[in-house]
Each structure stands twice: as C-alpha cells, then as structure tokens.
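Survey of secondary and tertiary structure
Chain residues, written in single-letter form:
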Amino acid sequence: MNTTDCNGNTAWVLTSTGLVYMMTPALAFFYGGLVENKNFLNQLFLSIVCMAVIPVQWCLVGYSFTFGPGTSIFGSFEYAVQRKASLVSLLGDNLHDSNPRSIPSLAFVAFQCACAIVTSALISGAVVGRMKLIPYIIFIFLWTTCCYDPLARWTYYKQGWIHQLGLIDFAGGLMIHVSSGISGLIAAFILGSRAHYDPDVINTGQTNLPFTVLGTGLLWVGWMGFNGGSALIANGIAALAIVNTNVAAASSMIIWIILDIIHGKLKGQTSAFVSIPGVCSATVVGLVVVTPSAGYIQPGYAILIGFIGGFVIHTFLSGKKHFFHIDDTLDVFSCHGLGGSIGTILTGVFAQTDVNEKIKNGAVYVDQVRGLDNVSHGVIDIELLRRPHAITLPTMKRRKYELNHLPITTIEIA
C-alpha cells in the first residue's frame, strides 16, 4: 500500500473517530429528552462523564487488555499507558502484526476508545434516577475493565477465542450493543425500580422531546463514522457500510410508523397517531441491527434487516409491560441488547463473500440456494452459456436416432 493510500485511510479513520466521539453528547441529548425534568441534568452528565473516565482507562490499561499481546482470553500490560505507541520515531507507526497495517496504531487506539466511550454511556439509560455520580464513575471504570475489554478481545481481536470460532461482527454489534444492553438490564434489576414506577405509564413528568429529536439526528450522522470507520480503510467497504447504515435506519422508521398507525386504528383512534419518542427509538433500532453486518451485506438486505428489527422490537415493546417488569427506564435492553442480538443473527444469514471477501457466505448463500439467488438478482454467467454442453439422450431413442444421423454430442452457443 502506497503512502497516499495510507494517508487517506488515516484521514478517514481520524474523521470517523471525531464522528463517534460526537455520538456520546448526542446520546446525552437523546436520553435527556426522554426523562423527566427532575432527572434531565443528571442524565446528561451521566453520559458526558464517560468522556472523562473511559479515555483515561483506555490509555492506562484498556487498549492493552483488549489488543495487546496475550492469550485468546485476555491481553497484557505491555501496551499500558501507550508507552510504546507514542514512540513513533523509534518503533514506527504500527505496534503489532495484529493491528491494522493501513493506519497508525494511535489512530486505531483513538477510534476504539471512542467506541468504548459510547458503549459505557449506553448503560446510563437503564438506571435513570437511581445512581449518583461517584458510584456511577466507579461502576463504568470497573465495567469497562472487567466486561467490555475482555469481550472486545474475544470478538474483535484476531486471536480472540470467539473470533476464531468464526464470529463475524463488522462494527461491534455483540461487544457494544449486546454487552451494554444486557449490562443495563442487570444493573436495573440490582438497583430496583424507581419510586412510583408504573410500567403502564411512559413518563409521569414533563420531558424535552426536541432534545431527543436533535440527539437522534446527531446519532444518525455519528453512526456513519461508527460503521464506516470500522472498515479501517477508505474504500468501497466503508462506503457500503455507510449506505447500509442509512437505509436500515430509514426502513426501521418506516415500519415503526406503519405499526404505530395500525395500533392506533385497532384502538379506535380516528386519526393517525405516531409516537415521536417511538420513531426516534426506531431510528436507533435500525442503526443497531445493521451494525454487525454493515460491511458484509447488500443494501437490499440492509433494508430487510431494518424492517425485521423495527417490527420485532416494536412488538416486544408493545407487549413487554404484561410480562417484563424490570425498570429499564429507556429500554436499553430492548433496543440495544435485543436489537444487537437480532443483527448478529441476521449477519450469519445475509453475509456474502461476493460483497466482502474476508467472510464466508451466510445461510442465504449456501450452495443449495445459490442458483435461485442468482436468478432472483438477475445474475447470469455468460461464460457458462458459451461453453459446449454435453447432451445425453435416453438410450432407446438415441439408438434409433443414430440409425439415420450422425450422433450429436455438443451444442455450442455463439
């Protein structure tokens, strides 16, 4: 790879890093607009404080535990405090063979740090009004060290044991969304419900929905860097990831609006009713479900994944009050834990080697159905048509045919 390509790749990853960093204040707006006024400032700060805690943790030990030399389960202290990565003049731009060769190690460090920040911030939506600042700071530092770092190594590091089993996860659907969703659910269960919590009531106090709409838009823009930057190179795969990100979010919004209208009609409402918080959540759901597969699938399947994710999670949220009584205030588990799981499973269904040569075909593209898939997509092998094809006639008819004519064994299509 020449110097120009490396510089372009580095510029793209650093730009993506800035977009992912923006996602954390965007998440603060998104969450802040959904909570009651009495919890508004607290919720904003629970997200923003992650930008203070996680970069220090990542520099001290987080990156070394996740991507440093070690075993398939855990890293080491060899890259702690970034003491080797900073010696660019002495050691060069790249620390280790397992790191991407197309960008400097410090660019990779910065991008992965931004992802770790927004992951820890996601959990705050599940514990609204039940955690004070100091306990929360201690919690996210320990959670990132003991939960996020090992899981990221297992799934995203080349020698990680889950990665070696064949898991494909383009931008962190498992290590980011599933981990934060399940952790948020467990935290909400341990802390218990809020005072006067009623699962049948969405909010008991005034909210600030314009903040949520603003946060949704900023999250959408930031997610382009989140998924597109995960290619770690400025090429067609990065562009594909951005296109898939956009269409999945859009399709999830569409199915959510349709379902809102249908539910309203079933309840006897005369005019169409669409929930603004619901549509904003639908956007996030579409972004979440496409994250594991953004660089592995065709855009048509990204639309389908957005539809599936939006439909399943809308249905789950509509009925969860009857059986799911944990006070997960902003549905972190539903949107991220369940959404990330759906996206990870569907990645194994729709992934395609012809899209990204680094992976194997998913369930849709196994040999038994490949021919049907090609027909459905209008793919015709012209070279196959031009080759001679042997024609085998039934035995009795062939003998009769050969009495009067020379045998015909091949037909060539010009």
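Residues numbered from 1 in each chain as written. Predicted model: local features only at pLDDT ≥ 70, side-chain atom pairs only at ≥ 80, totals over all residues. Heavy atoms only, no water.

Another point: the pattern of salt bridges. Evaluated as defined, the whole model comprises five salt bridges. Arg194 serves as the salt-bridge partner of Asp327, at 2.8 Å between the closest nitrogen and oxygen. Of this pair, Asp327 sits in the loop between helix 12 (299-319) and helix 13 (332-350) while Arg194 sits in the loop between helix 8 (173-191) and helix 9 (209-228), placing them 133 residues apart in sequence. According to the relative accessible area criterion, Asp327 is buried, its value standing at 2%. Residue Lys320 pairs with Asp331 through a salt bridge whose shortest N-O separation is 2.4 Å. Separated by 11 residues along the polypeptide, Lys320 in the loop between helix 12 and helix 13 and Asp331 in the loop between helix 12 and helix 13 bring together distant segments of the chain. Residue classification places Lys320 among the buried positions, given a relative accessible area of 12%. Linked by salt bridges that have partners in common, Arg130, Arg194 and Asp327 make up one network. (Salt bridge = Lys/Arg side-chain N within 4 Å of Asp/Glu carboxyl O. Helix = DSSP H or I, 4+ residues; strand = E, 2+ residues; numbered from the N terminus. Buried < 20%, exposed > 50% of the residue type's maximum accessible area, 1.4 Å probe, protein only.)

Before going further, it helps to examine the confidence of the model for the chain. Across the chain, the average pLDDT comes to 85, with 82% of residues at or above 70. Counted against residues more than four places away or in other chains, residues 368-386, with its pLDDT under 50, gives 17 contacts. (pLDDT = per-residue confidence, 0-100. Contact = heavy atoms within 4.5 Å.)

Moving on, we come to the packing of helix 8 against helix 13. When two helices pack together, their arrangement is given by the angle between the helix axes and by the axis-to-axis distance. Closest axis-to-axis distance for the helix 8/helix 13 pair is 7 Å, and the angle between their directions is 145°. Considering how the two elements wind past one another, helix 8 and helix 13 form a crossing that is left-handed. Between helix 8 and helix 13, the residues in contact are Gly173, Leu174, His177, Val178, Ser180, Gly181, Ile182 and Leu185 and Val332, Phe333, His336, Gly337, Gly340, Ser341 and Thr344, respectively. Taken together, the residues of the contact of helix 8 with helix 13 break down into six nonpolar, nine polar and no charged. (Axes fitted to C-alpha atoms, helices over the stretch in contact; angles between N-to-C directions. Left-handed = near helix turned anticlockwise from the far one by under 90°. Nonpolar A, V, L, I, M, F, W, Y, C, P; charged D, E, K, R; others polar.)

This next bit is on the side chain of Asp260. For Asp260, the position within the fold is in helix 10 (residues 236-266). By relative accessible area, which is 11% here, Asp260 ends up buried. Every residue in contact with Asp260, bar those within four places of it in the chain, is listed here: Phe273, Val274, Ser275 and His314.

Turning next to the packing of aromatic side chains. One pass over the structure, following the stated rule, counts 22 aromatic pairs. Relative to Phe211, the ring of Phe29 lies with its centre 5.5 Å away and its plane at 20°, an arrangement referred to as stacked. Note that Phe29 is positioned in helix 1 (residues 3-34) and Phe211 in helix 9, a separation of 182 residues in sequence. For the ring pair Trp58 and Tyr63, a centre distance of 6.2 Å and an interplane angle of 70° mean the geometry is edge-to-face. Here the two residues Trp58 and Tyr63 agree in accessibility, since each one is buried. Taken together, the aromatic side chains of Trp58, Tyr63, Phe67, Tyr79, Phe108, Trp143, Tyr148 and Tyr157 make up a single cluster linked through ring pairs. Sitting over the face of the ring of Tyr157, Arg153 holds its NZ or CZ atom 4.1 Å from the ring centroid. (Phe/Tyr/Trp six-rings, centres within 6.5 Å; stacked < 30°, edge-to-face > 60°. Lys NZ or Arg CZ within 6 Å of the ring centre and 35° of its normal.)

A general feature of soluble globular proteins is that nonpolar side chains tend to end up buried together. Residues Trp58 and Tyr148 are the most contacted members of the largest nonpolar core, which totals 58 residues. Sorting the residues of this core by element identifies helix 1, helix 3 (50-67), helix 5 (105-123), helix 6 (133-156), helix 8, helix 9 and helix 11 (276-290) as the ones contributing at least two each. If one sorts the elements of this core by residue count, helix 5 sits on top with 13 residues. Here Trp58 is in contact with Tyr63, Thr66, Phe67, Gln82, Val109, Gln112, Cys113, Ala116, Tyr148 and Asp149, once residues within four sequence places are set aside. (Core = buried A, V, L, I, M, F, W, Y, C linked by side-chain atoms within 4.5 Å.)

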